[in-house]
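Report on the structure
As a plain string of letters, each chain reads:
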Amino acid sequence: MYSQTEDTKANWTNVTVRILLVTTTLAISAYLMALIFWPIGFIAWLIIGVGGMLFFIVRQHARNSVYRCVECSNEFNISALADFFSPHTPNSKYLKCPKCYKQRWQPEINDTQQKV
Ligand SMILES: [Zn+2]
């Protein structure tokens, strides 16, 4: 069981470490690629580095997000692909419920609320 304080602290530490790791990797790889293989190396870095970072952010969001169906109250997770491609607002996504198969604007529930 988590207390909310411990959970929030662990999340922030986790997020901070990941951001530092990604930023450092991107900065070093950009410098090396741009220096050695200009300009094709820079373009490759842009596609792989920025695309990869985007992929990890979307995957992380998909893993930590839970949606509640407005029709049947079923709570479900979605794949990284669905997370990336489905239309969304800051706190809801247009998704099909895996239980009742109705496609609606499903509200996102904060995952930390589930553990407390
Ligand atoms: Zn449903």
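Scroll up a little and you will see the structure.
Residues numbered from 1 in each chain as written. Predicted model: local features only at pLDDT ≥ 70, side-chain atom pairs only at ≥ 80, totals over all residues.

1. Remarks on the overall build of the chain
What the chain contains, in helices and strands, is four helices and five strands. Along its sequence from the N terminus, the chain presents helices and strands in the succession α-α-β-β-α-β-β-β-α. Relative to its full complement of 116 residues, the chain shows a buried share of 7%. For the chain, the proportion of contacts with a sequence separation of at least 24, taken over those separated by at least 6, is 47%. (Helix = DSSP H or I, 4+ residues; strand = E, 2+ residues; numbered from the N terminus. Buried ≥ 20, exposed ≤ 12 C-beta atoms within 10 Å, placed from the backbone. Contact = placed C-beta atoms within 7 Å.)

2. A word on the sheet that holds strand β1 (residues 65-68)
Strand order across the open sheet formed by five strands is β2-β1-β5-β4-β3, with antiparallel pairing between neighbours. Only two strands of the sheet have a single partner each, and these edge strands are β2 (75-76) and β3 (88-89). Bridging between strand β4 (residues 92-96) and strand β5 (residues 103-110) involves five bridges; their strand directions are antiparallel. When the bridges of β5 are listed, S92 appears paired with P107. (Pairing = 2+ DSSP bridges.)

3. Thoughts on unusual backbone geometry
One non-glycine residue, S73, lies in the positive phi region at around 65 degrees. Mapping S73 onto the fold places it in the loop between β1 and β2. At Y101, a position not held by glycine, the phi torsion is positive, near 60 degrees. Looking at the element boundaries, Y101 is found in the loop between β4 and β5.

4. A few points about the environment of N91
Here N91 is to be found in the loop between β3 and β4. Apart from the residues lying within four places of it in its own chain, the contact partners of N91 are P107 and E108.

5. A few points about the pairing of β5
As paired strands, β1 and β5 are joined by three bridges and run antiparallel to one another. Opposite V66, over in β5, you have I109 as the bridge partner. Connecting β4 to the next strand, β5, in antiparallel fashion are six residues, including Y101 with a positive phi near 60 degrees.

Honestly, it's all geometry; don't read function into it.
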